[in-house]
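Report on the structure
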Amino acid sequence: MGQGITGSVASSFRPEIIADVTQDARYITDITPAGSEICVPIVQNDKLIGVLDCEHIEKAVFTKEHLNLLTTVASFAGTKVAERRGVNKAADLRVQRNKALMEKQLANESQAAFFSAVSHEFRTPLNAVIGLSDCLAKAEDEALTPAQIGAFSTHIHDAGEQLETLVNNALDIAAAHAHDPKANTELTEITPSLEKCIEQAQTQALQKKITIQTQGSRLLKSILFDPTHFKKIIQNLLDNAVKFSTDNSVISVKTKVNTHHEKSILTISISDEGKGIAPDALKHIFDPFFAEDAGARSPNDNTGLGLTIAKQFAKHNNASIKVTSILGKGSVFSLNIPLQQALT
């Protein structure tokens, strides 16, 4: 509440007239010494707003009339301050309400755009399944050869796998939007999780003769992170790297602790030697179903949701994903986790 006579009045909520401040132990000498002082608290709804304080170089100057006047001024000031605070609070509430409405509208627009894109993406494999199934149903009438029947069956199977991937990824997106960031946070071991994700990515990598290398310190053992989200993020980033890497190339998975502005961050970076990403495309790279080169997408291996899911899951765990890329040389996707979430 402060010191001196003013601080005492602020603590007691009681006005005071000090006829001779030199005889009051509470008095703190100012640059210009005073002889007398009057203090009145400004109180509104049992809460201290401030103190009206007047000093005079002469002693015994202030009277009861001065006290009554200052008490009236204090009451008026308290009322006006409360009114202004009420106006400001109402304005803040309006701003918060408008912000919430805007966020809800943007969320609804985002969901509408997402479901529109989902419907479009589902249409291709569904048409393949329906159309080819109709052909197989008429196999005898159409006199299809065993080779044709086998090809149609393979295409139906591939389309079914794409549909399954789309459904799983759409469920992941829904979970990312509805997830409580702290609900599943637990101790997650870094190295075993990375090794499992790399093992799962090896199948596709070996088909393209891609080598996956790991580098970095293993001193940092664990992080506080949703284990399912961590694996999903790394797996999606690895799948993306394999997908867009050239044959006989190298993918590097590096772990490093960086310190910037007295803040330490665990960075897990996944770099490839693919074709790279154009600067104009980088700002859309995490958008649902975005593909810089649609021709590079195969019916089976890309639903355009992997990076979107990775970014959402990173955000829910107070982490972030950054990307850098050079056309013709490759890309680097980095998962950055604040070190306060990491445990040695």
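Residues numbered from 1 in each chain as written. Predicted model: local features only at pLDDT ≥ 70, side-chain atom pairs only at ≥ 80, totals over all residues. Heavy atoms only, no water.

1. A short note on the pattern of salt bridges
Taken as a whole and assessed by the stated rule, the structure comprises 3 salt bridges. Between Lys-59 and Asp-20 there is a salt bridge, with the nearest N and O atoms lying 3.4 Å from each other. Of this pair, Lys-59 sits in the loop between strand 3 (47-56) and helix 2 (64-137) while Asp-20 sits in the loop between strand 1 (16-18) and strand 2 (36-44), and the two are 39 residues apart along the sequence. Of the residues examined, Lys-59 reaches a relative accessible area of 48% and is grouped as partly exposed. We note a salt bridge from Arg-26 to Asp-24, for which the minimum N-O separation is 2.9 Å. Judged by relative accessible area, Arg-26 falls into the partly exposed class, the value being 27%. When salt bridges that share partners are traced, they join Glu-16, Asp-24 and Arg-26 into one network. (Salt bridge = Lys/Arg side-chain N within 4 Å of Asp/Glu carboxyl O. Helix = DSSP H or I, 4+ residues; strand = E, 2+ residues; numbered from the N terminus. Buried < 20%, exposed > 50% of the residue type's maximum accessible area, 1.4 Å probe, protein only.)

2. Points about the side chain of Asp-24
As for its position among the elements, Asp-24 is in the loop between strand 1 and strand 2. Owing to a relative accessible area of 17%, Asp-24 belongs among the buried residues under this scheme. Apart from residues no more than four positions distant in its own chain, Asp-24 is found in contact with Ile-5 and Ile-18. (Contact = heavy atoms within 4.5 Å.)

3. Considering the sheet that holds strand 5 (residues 211-216)
Spatially, the 5 strands line up as an open sheet ordered 5-7-8-10-9, and their pairing is mixed. The sheet terminates laterally at strand 5 and strand 9 (320-326), the two strands that pair on one side only. If you compare each strand with its neighbour and ignore which way they point, the axes differ by 20° on average. Two elements, strand 9 and strand 10 (residues 330-338), share 7 bridges in a ladder whose sense is antiparallel. Its bridge partner being in strand 10, Lys-322 is matched across the sheet by Ser-334. The sheet contacts of helix 5 (residues 190-207) involve strand 5, strand 7 (250-260) and strand 8 (263-271), and relative to strand 5 the element is tilted by about 165°. Set on the sheet, helix 8 (residues 306-316) makes contact with strand 9 and strand 10; between it and strand 9 the angle comes to about 140°. (Pairing = 2+ DSSP bridges. Axes fitted to C-alpha atoms, helices over the stretch in contact; angles between N-to-C directions.)

4. Side note on unusual backbone geometry
At Asn-45, a position not held by glycine, the phi torsion is positive, near 55°. Look at Asn-318: it is not a glycine, yet its phi comes out positive at around 60°. In this fold, Asn-318 is placed in the loop between helix 8 and strand 9.

5. A short note on helix 1 (residues 4-12)
Among all positions of helix 1, only Gly-4, Ile-5, Gly-7, Val-9 and Ala-10 are buried. Looking at the buried positions of helix 1, the neighbouring elements they touch are strand 1, strand 2 and strand 3. Immediately beyond the C-terminal end of helix 1, within one or two residues, lies Phe-13, with a positive phi of roughly 65°.

6. Let's talk about the nonpolar core
Membership of the largest hydrophobic core comes to 39 residues, with the highest contact counts inside it found for Phe-230, Ile-233, Ile-234, Leu-238, Phe-333 and Leu-335. Elements represented by at least two residues in this core include exactly helix 5, strand 6 (222-225), helix 6 (227-243), strand 7, strand 8, helix 8, strand 9 and strand 10. Among the elements that take part in this core, helix 6 stands out by supplying 7 residues, more than any other. What Phe-230 contacts, discounting residues up to four positions off in sequence, is Thr-188, Ile-190, Ser-193, Leu-194, Ile-223, Phe-225, Ile-268, Leu-335 and Ile-337. (Core = buried A, V, L, I, M, F, W, Y, C linked by side-chain atoms within 4.5 Å.)

7. Comments concerning helix 5
In this model helix 5 runs 27 Å from its N-terminal to its C-terminal C-alpha over 18 residues, within 8% of the 26 Å that 1.5 Å per residue would give. A bend of about 40° at Ala-201 is the largest found in helix 5. For helix 5, the set of buried residues is Ile-190, Ser-193, Leu-194, Cys-197, Ile-198, Ala-201 and Ala-205. On the buried face of helix 5, the contacting elements are strand 4 (186-189), strand 5, strand 6, helix 6, strand 7 and strand 8. (Expected span 1.5 Å × (residues − 1). Bend = angle between axes of the 7 residues up to and from the residue.)

8. What about the confidence of the model for the protein?
For the protein, per-residue confidence averages 79 on the pLDDT scale, and 77% of positions sit at 70 or higher. Here residues 294-302 is modelled with pLDDT under 50, and outside its nearest four sequence neighbours on either side it reaches 15 contacts, counting other chains as well. (pLDDT = per-residue confidence, 0-100.)

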